[in-house]
Amino acid sequence: MESYDFKVSEKKWQDKWEKAGVFHAVDNSDKKKFYALVEFPYPSGAGMHVGHIKAYSGLEVVTRKRRMEGYNVLFPIGFDAYGLPTENYAIKTGIHPRKVTDMNIEKFTGQLKRVGFSFDWTRVVDTTEIGYYKWTQWIFLKMFEKGLVFRDKTLVNYCPSCKVVLSNEDSQGGKCDICHSDVVQKSKDVWYLRITEYADKLLEGLDSVDYLPNVRLQQENWIGKSTGAFVNFTVKNTDEMLRIYTTRPDTLFGVTFMVMAPEHPMLDKYKDMIENFADVEAYRAECAKKTEFERTQLVKEKTGVKLQGFCAVNPVNGKEIPIFISDYVMMGYGTGAIMAVPAHDQRDYDFAKKFGVDIIEVIKGGDMEKEAYTGDGEMVNSGFLNGFTKKKASIEKMLEYLTEKGIGEKGVQYKMKDWAFNRQRYWGEPIPIVHCEKCGTVAVPYDELPLKLPEVENFEPGSDGESPLAKIDSFVKCTCPKCGAPARRETDTMPQWAGSSWYFLRYIDPHNSERFADMDKLKYWGMVDWYNGGMEHVTRHLIYSRFWHRFLYDIGEVPNPEPYAKRTAQGLILGPDGEKMSKSKGNVVDPNDVVDVYGADVLRTYVLFMGDYEKAAPWNESSMKGCKRFMDRVWNLQSILTDGEGYSSKLESSMHKTIKKVTEDIEALKYNTAIAALMTLLNEIYDAGSITKAELKTFITLLNPFAPHITEEINEAQGFGGMLANGTWPVYEDAKCVDAEIEIAVQVNGKIKARIKVAADIDEAGAIEAALANDAVKAAVDEKSIVKKLYVKGRLVNIVVK
RNA sequence: GCUCCCGUGGUGGAAUUGGCAGACACGCAAGAUUUAGGAUCUUGUGCCGCGAGGUGUGCAGGUUCAAGCCCUGUCGGGAGCACCA
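In this text the structure is predicted, and so the values were computed from the model without any measurement.

About the criteria used
Residues numbered from 1 in each chain as written. Chains lettered and ligands numbered in written order. Predicted model: local features only at pLDDT ≥ 70, side-chain atom pairs only at ≥ 80, totals over all residues. Heavy atoms only, no water. 1 Å grid on protein atoms, 1.4 Å probe; cavity = no way out; pocket = protein on both sides within 12 Å on 5 of 7 lines; lining within 4 Å. Points joined across faces, edges and corners; volume = space filled by probe spheres on them. Nonpolar A, V, L, I, M, F, W, Y, C, P; charged D, E, K, R; others polar. Helix = DSSP H or I, 4+ residues; strand = E, 2+ residues; numbered from the N terminus. Buried < 20%, exposed > 50% of the residue type's maximum accessible area, 1.4 Å probe, protein only. Salt bridge = Lys/Arg side-chain N within 4 Å of Asp/Glu carboxyl O. pLDDT = per-residue confidence, 0-100. Contact = heavy atoms within 4.5 Å. Axes fitted to C-alpha atoms, helices over the stretch in contact; angles between N-to-C directions. Parallel < 35°, antiparallel > 145°, perpendicular 65-115°, else oblique. Left-handed = near helix turned anticlockwise from the far one by under 90°. Pairing = 2+ DSSP bridges.

Regarding empty space enclosed by the protein
To find leftover empty space, one rolls a probe the size of a water molecule over the atoms. Within the structure shown, the criterion is met by two cavities of 30 Å³ or more. Of the voids in this model, the largest cavity is the one considered here, and its volume is about 80 Å³. In terms of lining, the largest cavity is formed by 14 residues, of which the most central are Leu505, Gly526, Met527, His549 and Asn560. Tallied by class, the residues present in the lining of the largest cavity amount to ten nonpolar, three polar and one charged. If you add up the space inside the second largest cavity, you get close to 60 Å³. Around the second largest cavity, the lining residues are Tyr4, Phe6, Glu10, Tyr598, Gly599, Asp601, Val602, Lys628, Met631, Asp632 and Ile710. Of all the elements in the fold, those that place two or more residues in the lining of the second largest cavity are α1 (6-20), α18 (600-609) and α19 (621-635). Across the lining of the second largest cavity, the residue classes break down as six nonpolar, one polar and four charged.

Notes on unusual backbone geometry
With an omega of 0°, the peptide bond between leucine 449 and proline 450 qualifies as cis. The residue proline 450 is located in the loop between β18 (440-443) and α13 (473-476) in this model. For asparagine 381, which is not glycine, the phi torsion reads 50° and is therefore positive. Even without a glycine there, the phi angle at asparagine 749 is positive, about 55°. Its location among the elements puts asparagine 749 in the loop between β25 (741-748) and β26 (751-759). Look at asparagine 749 and you get partly exposed, because its relative accessible area is 44%.

Focus on the pattern of salt bridges
Taken as a whole and judged by the stated rule, the model has 45 salt bridges. Residues lysine 521 and aspartate 27 are paired through a salt bridge, measuring 3.7 Å at the closest nitrogen-oxygen approach. Of this pair, lysine 521 sits in helix α15 (residues 519-525) while aspartate 27 sits in the loop between α1 and β1 (33-38), placing them 494 residues apart in sequence. We classify aspartate 27 as partly exposed; its relative accessible area is 26%. Among the ionic pairs, aspartate 473 bridges to lysine 477, the shortest N-O distance being 3.9 Å. Salt bridges linked by common partners bring Asp27, Asp120, Arg123, Asp509 and Lys521 together as one network.

Section: the confidence of the model for chain A
A low pLDDT score tells you not to read the predicted coordinates there in detail. With 95% of its residues at a pLDDT of 70 or more, chain A shows a mean pLDDT of 89. Of the two predicted TM-score estimates for the complex, the pTM is 0.91 and the ipTM is 0.93.

Focus: the side chain of threonine 698
In this structure, threonine 698 sits in helix α22 (residues 693-703). On the basis of relative accessibility, which here comes to 7%, the residue threonine 698 falls in the buried class. Discounting chain neighbours no more than four positions away, the residues touching threonine 698 are Tyr647, Met655, Ile659 and Pro730.

A closer look at the packing of helix α20 (residues 652-667) against α22
Viewed as axis vectors pointing N to C, α20 and α22 meet at an angle of 15°, and their least axial separation amounts to 11 Å. When the interaxial angle is binned, α20 and α22 end up roughly parallel. In the packing of α20 onto α22, the handedness of the crossing is left-handed. Note on element contacts: α22 touches α20 through Glu695, Thr698, Phe699 and Leu702, opposite Met655, Thr658, Ile659 and Val662. Of the residues belonging to the contact of α20 with α22, the class tally is five nonpolar, two polar and one charged.

A closer look at the sheet that holds strand β28 (residues 796-801)
Spatial strand order, β26-β25-β28-β27: four strands in an open sheet with mixed pairing. Both outer strands of the open sheet, β26 and β27 (786-792), are each paired with one neighbouring strand and no more. Across this sheet, the average inter-strand angle for adjacent strands is 20°, counted without regard to direction. Pairing analysis gives four bridges linking β25 to β28, with the strands arranged parallel. The partner of alanine 745 across the bridge, within β28, is leucine 796. Sitting on the sheet, helix α24 (residues 764-772) is in contact with β25, β26, β27 and β28, with an inclination near 120° to β27.

Right, here's the structure in full:
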């Protein structure tokens with residue numbers, strides 16, 4: 001028997017699969033459909049690293065199995081190619097981003113093909129291709145048409161280094177997500193998508209899908225729904241109400257002051273009434289110097305200013321209470337003003353201590369000298385609530401009261417903010433809007449789409465953070481689609497998240513020029529059955545794409561409200577040093593290097609065998625040798641092949657057990673134990689000394705999703721016929737998964753004393769009898785009296801003695 | 001600060017969800033084969049002990065016939081959110 005040459009074989013089978021088109025999804029087939037989606041890569045210049053391989057290998061195994069189970073499988077791939085790294089590279093080198101992107105896509109494609117992934121290469125999508133971004137613009141215009149796009153002048157997160165406006169998501173922790181420099185606050189005209197309008201739908205939609213628990217939890221936290229009450233406080237000597245939001249209306253009797261955000265508009269309206277307005281302005285100036293990061297991140301002493309001549313009245317007891325301004329209250333959440341209950345909120349407590357405000361306890365149970373008390377307890381000093389002991393009941397009662405008296409009502413708040421949707425950059429989808437002196441912001445007519453991204457020579461953004469497009473007169477100057485007057489085009493582009501918000505729909509019908517995807521095809525393929533990707537995308541990409549998809553559903557353009565039926569996430573591959581792989585640390589592993597030395601089958605098997613698929617694990621080259629050895633031993637099975645028919649009696653139950661184990665583990669993301677089960681079976685086969693054709697065929701079929709090349713080669717060499725890629729998944733019989741005789745453990749008082757062999761179908765009485773007959777057990781029981789005898793079916797007997 | 005996840009041999013990790021801890025693999029040791037190196041094969045390998053045996057899942061308690069798994073406390077690591085009213 002010749003030895004296996006993976007270099008020849010892998011290329012050979014990749015070509016054969018491609019020529020036969022075995023991985024092409026068929027629209028409107030009679031077979032059951034299965035749509036598996038992996039997060040498409042950003043084609044960076046560095047090429048892929050092994051983390052990508054792990055991310056795709058999970059569903060790669062599932063889809064190869066599904067095809068053999070008779071499904072019509074859609075397993076596509078594409079490229080999320082707009083974005084800053086490409087543009088920055090273009091600025092540095094002078095090579096056009098289009099060229100850079102094409103080069104990178106070519107590199108990625110080559111890497112992916114060498115690994116032998118079973119993607120449908122006829123459906124590749126590139127978000128920067130004009131036939132694609134036409135529809136990104138189209139969806140944006142639909143949102144504009146439905147009032148989900150608006151423009152606002154606000155303080156935005158701005159990265160002085162990248163010269164772009166960043167969303168909250170892109171500037172977490174006060175650092176730019178791209179270059180990690182400090183983000184500053186800047187006043188800008190910004191396009192927003194009204195994602196907050198979909199907060200409830202995005203939250204409720206989670207009930208109808210199967211996401212990993214922690215993925216779901218992160219989405220819920222991100223949306224951040226809280227229920228509480230809006231309460232209106234009268235402001236003395238004005239007609240106006242100071243409106244606040246609280247989650248603790250039960251503590252209303254404990255309010256001893258109020259706090260407004262320094263930017264609260266009421267302050268300017270009543271500046272003549274506020275005797276110390278100069279102090280307000282001074283405090284504002286102080287706050288403006290701080291970044292959002294400093295304002296929210298630092299655990300620091302509370303600051304603020306007490307307003308003179310401007311105070312409020314507690315609506316439940318008529319008490320006059322002072323109003324402060326302080327930057328611990330944000331304009332962006334709730335109403336920009338709060339009622340402060342120092343006895344039962346730590347921030348209010350800190351503030352009251354510093355400014356000498358009264359602290360009135362309304363719930364017993366804490367120590368007012370030390371800190372605020374947030375637990376349950378008996379209500380005191382609270383009028384009609386006195387004597388209540390449960391928070392929930394008090395809140396209900398108070399809400400009833402507020403509604404009845406017309407001073408407040410039940411309310412809901414979300415942490416999620418609207419989505420800042422423009423970037424002052426070149427390499428993105430142009431926003432199809434025209435600014436007209438007379439008509440304001442006007443949509444580019446649908447029949448003028450795509451609005452083509454113009455060719456430019458210089459991609460540098462303007463020094464004031466303007467888009468490079470603003471420098472191109474021929475692009476900027478246009479006529480208003482509404483009135484025909486000379487107008488100016490929007491020169492900002494969309495953020496990178498835009499293209500990835502709907503790509504999974506385009507895979508269904510990638511070459512359609514009439515629609516983003518044909519409705520019948522959308523109906524046939526339906527929801528993505530299984531979506532796998534990184535944990536880092538579960539709060540941004542996953543929320544954004546669910547939002548876009550839900551919007552398309554609401555306007556009748558897609559058949560399902562939710563895009564993904566199931567979502568899982570793989571753990572990172574860390575560098576050999578246990579650190580996150582990064583170019584700067586020099587610990588990145590290139591899949592090409594691994595394929596060169598070990599072959600694609602070994603790489604694929606190793607990334608799934610190295611540990612729990614959902615957990616991070618360090619790269620370990622020597623451990624990969626075990627997978628190489630495994631492949632060699634699989635190949636050598638051919639040397640112990642016999643003429644026997646079917647499964648041999650020695651191996652029959654092991655065969656069935658392994659089929660069951662591998663079949664189930666693949667569905668449960670337990671690829672590592674599925675591979676381990678195959679290794680165990682392999683060891684048993686060598687122990688048995690021979691293998692039948694039927695056994696070999698089953699073995700290579702089970703291994704095929706992990707190591708498709710070597711198994712195809714064996715299949716061909718043995719003349720089993722056809723290609724495994726078109727093969728049939730083996731079935732097992734439950735009845736044959738059990739051995740006739742099993743070993744059970746015998747414990748005395750919970751300690752193992754013996755292991756005995758019994759018939760598999762033994763009953764409780766029989767098992768206990770057999771256990772008590774054992775000498776070691778007899779010795780341990782001795783003359784003590786038996787208190788209890790337990791039998792766990794097929795596992796153990798425990799004799800409790802005293 | 002809050003929320004969530006995780007701590008198992010020299011290493012990566014298994015453990016039917018309360019039932020024989022350490023599957024599978026790496027590494028290591030001894031042996032076989034080989035001119036040698038490499039590769040391959042066999043055997044062994046949690047720790048203590050020559051042994052019988054004891055002991056063992058970060059640490060300390062608890063529940064149970066039985067705990068890696070459940071409960072309480074504590075220490076350590078990671079992720080997410082973060083003055084959210």
